[in-house]
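Here's the letter readout for the chains.
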Amino acid sequence: MITTTETTPFGDRTLTDPPARSRPRPPAAAATELMNRIYRRQRHIYDITRKWFLLGRDRLIEDLRPGPGAAVLEIGCGTGRNLIVAAQRYPNAQFFGIDVSTDMLTSAIEAIAQAGLSSRVRVAHADATAFDPAVLFGRPRFDRIMISYSLSMIPGWHAALDVALSLLARGGRLQVVDFGGQEGLPGWFRAPLRTWLAHFHVTPRDALEAALSALAMRAGARLIIERPYRGYVQYAVVEATG
């Protein structure tokens, strides 16, 4: 507890700062704390346990097709799994990733080093809704940006999309894969799935198409959206004008 003395027209008075724990925390710090709490242990088994239900991630990577020397950014890179797979598939591109969880980034850095990709894959701690890649990576724009099963965990996901689109280079492409509305699946499956996802602070973004449509129209970009696996997944591509 910190005390200070303030001189007023009515004499001196003692001011006491509230304990640090009672002060409002910056949104990014609160998000880091929450994600670390969720994934501090989960990160060690994340890639093994998520393999069977984070569908569409490999399709997203296959569709990247960055040219030689291209820069690819992943927003919400987690354990670095997608960055490693993509870097191995496209050896002539450079890869970058951000995540709000420092614990997940620890796993990513270790995995990237073990794969021998530290020279081509860089990651940094950042909030998806407000970050400057020029400061983090010395690069203001990217030829490809991918967001894989992260929007459903970002409270300010509209802002995250806005930021992502603003970072696209001319002719670049934003690719998003995440949980869909499961509209083609039976109710007995949908309700328990959403309940289970909520335990991990995951909320499928049912308004994703509307949000991307508005952004694409404003930017003069082209939007393609698909809902494979009977709506379990929504997969979107926003192509910036060349």
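This is a predicted model, so every value here is computed, not measured.

1. A word on helix H9 (residues 208-219)
And then number 1: Across its 12 residues, H9 extends 16 Å between first and last C-alpha, which sits within 8% of the 16 Å expected from 1.5 Å per residue.
And then number 2: Restricting attention to buried positions, one finds in H9 the residues Leu208, Ala211, Leu212, Leu215 and Ala216. Along H9, the residues classed as buried sweep out an arc of 125° about the axis, all on the same side. Among the exposed residues of H9, those pointing more than 90 degrees away from its buried face are Ala210, Met217 and Arg218.
And then number 3: In this structure, the buried residues of H9 make contact with helix H7 (157-166), strand S7 (168-179), strand S8 (222-226) and strand S9 (233-239).
And then number 4: Gly220 occupies a position one or two residues after H9 and carries a positive phi of about 65°.

2. Description of the environment of Ala115
And then number 1: On the secondary structure map, Ala115 appears in the loop between helix H5 (102-114) and strand S5 (121-125).
And then number 2: Accessibility expressed as a relative area gives 32% for Ala115, which makes it partly exposed.
And then number 3: Distance from Ala115 to Ala87, taken between C-alpha atoms, is 9.9 Å for residues 28 residues apart in sequence.
And then number 4: In this structure Ala115 touches Ile84 and Gln88, once residues within four positions along its chain are discounted.

3. Structural notes on the pattern of salt bridges
And then number 1: What the rule picks out here adds up to eight salt bridges.
And then number 2: As a salt-bridge pair, Asp162 and Arg218 come within 3.1 Å of each other at their nearest N and O atoms. Highlighted residues: Asp162 in helix H7 and Arg218 in helix H9, separated in sequence by 56 residues.
And then number 3: When its relative accessible area of 38% is taken as the criterion, Asp162 is described as partly exposed.
And then number 4: The residue Arg227 makes a salt bridge to Glu209 at a minimum N-O spacing of 2.3 Å. Here Arg227 is found in the loop between S8 and S9, whereas its partner Glu209 is found in helix H9, with 18 residues between them in sequence.
And then number 5: The exposure class of Arg227 is partly exposed, given its relative accessible area of 37%.

4. Remarks on the packing of H7 against H9
And then number 1: With their axes 11 Å apart at the nearest point, H7 and H9 run at an angle of 35° to one another. You can see that H7 and H9 cross each other, and the crossing is right-handed. Residues Trp157, His158, Leu161, Asp162 and Leu165 of H7 touch H9, and the partners they reach there are Leu208, Ala211, Leu212, Leu215, Arg218 and Ala219.
And then number 2: A per-class count over the contact of H7 with H9 returns eight nonpolar, one polar and two charged.

5. Observations regarding the sheet that holds strand S3 (residues 71-75)
And then number 1: Reading across the sheet, the seven strands line up as S5-S4-S3-S6-S7-S9-S8 and stay open at both edges, with mixed pairing between neighbours. Two strands bound the open sheet, and with one partner strand each, they are S5 and S8. Recorded for the sheet is a direction-independent mean angle of 15° between the axes of neighbouring strands.
And then number 2: Both strand S6 (residues 142-148) and S7 contribute to a ladder of six bridges, which runs parallel. Pairing of Met146 across the sheet is with Gln175, part of S7.
And then number 3: Seen against the sheet, helix H4 (residues 81-89) touches S3, strand S4 (94-99), S5 and S6 and runs at an angle of roughly 175° to S4.
And then number 4: Lying over the sheet, H9 contacts S7, S8 and S9, oriented at roughly 165° with respect to S8.

6. Considerations on the confidence of the model for the protein
And then number 1: Averaged over all residues, the pLDDT of the protein is 84; the fraction at 70 or higher stands at 79%.
And then number 2: Every residue in residues 1-25 is under pLDDT 50, and counting partners more than four places away or in other chains gives 23 contacts.

7. Observations concerning the packing of helix H3 (residues 57-64) against H4
And then number 1: It is at 10 Å that the axes of H3 and H4 come closest, and there the two elements cross at 40°. The handedness of the crossing between H3 and H4 comes out as right-handed. Facing H3, whose interface residues are Arg57, Asp58, Ile61, Glu62 and Leu64, H4 presents Arg81, Asn82, Val85, Ala86 and Arg89.
And then number 2: By residue class, the composition of the contact of H3 with H4 is four nonpolar, one polar and five charged.

8. Section: the pairing of S7
And then number 1: Counting buried residues in S7 gives 10 out of 12 residues, a clear majority hidden from the surface.
And then number 2: Two elements, S7 and S9, share seven bridges in a ladder whose sense is antiparallel. Bridge assignment links Leu174 to a residue of S9, and that residue is Val238.

Criteria and cut-off values
- Every chain is numbered independently, its residues counted from 1 as its sequence is written.
- Two thresholds apply to this predicted model, a pLDDT of at least 70 for residue-level local features and 80 or more for giving and counting side-chain atom pairs, whereas whole-chain, interface and lining totals are computed over all residues.
- Just so you know, side-chain values use all the structure's heavy atoms and leave hydrogens and water out.
- Secondary structure is summarised from DSSP: a helix means a run of H or I of at least four residues, a strand means a run of E of at least two, and numbering begins at the N terminus for each.
- Expected helix span is computed as 1.5 Å times (number of residues minus one).
- Each residue gets one of three labels from its accessible area relative to the maximum for its type: buried under 20%, exposed over 50%, partly exposed in between, using a 1.4 Å probe on protein chains only.
- In this description, the arc belongs to the directions extending from the helix axis to the C-beta atoms.
- The contact rule is simple, with two residues in contact once any of their heavy atoms fall within 4.5 Å.
- By convention in these notes, a salt bridge is any Lys or Arg side-chain nitrogen within 4 Å of a carboxyl oxygen on Asp or Glu.
- All axes are obtained by fitting lines to C-alpha atoms, using only the stretch in contact for helices, and the reported angles, taken between N-to-C directions, cover 0 to 180 degrees.
- Each crossing gets its handedness from the near helix: less than a right angle anticlockwise from the far helix is left-handed, clockwise is right-handed.
- Think of it as three bins: nonpolar holds Ala, Val, Leu, Ile, Met, Phe, Trp, Tyr, Cys and Pro, charged holds Asp, Glu, Lys and Arg, and polar takes everything else, Gly as well.
- Each pair of strands is called paired provided DSSP finds at least two bridges between the two strands.
- Looking at any residue, its pLDDT shows the predictor's confidence there, from 0 to 100.

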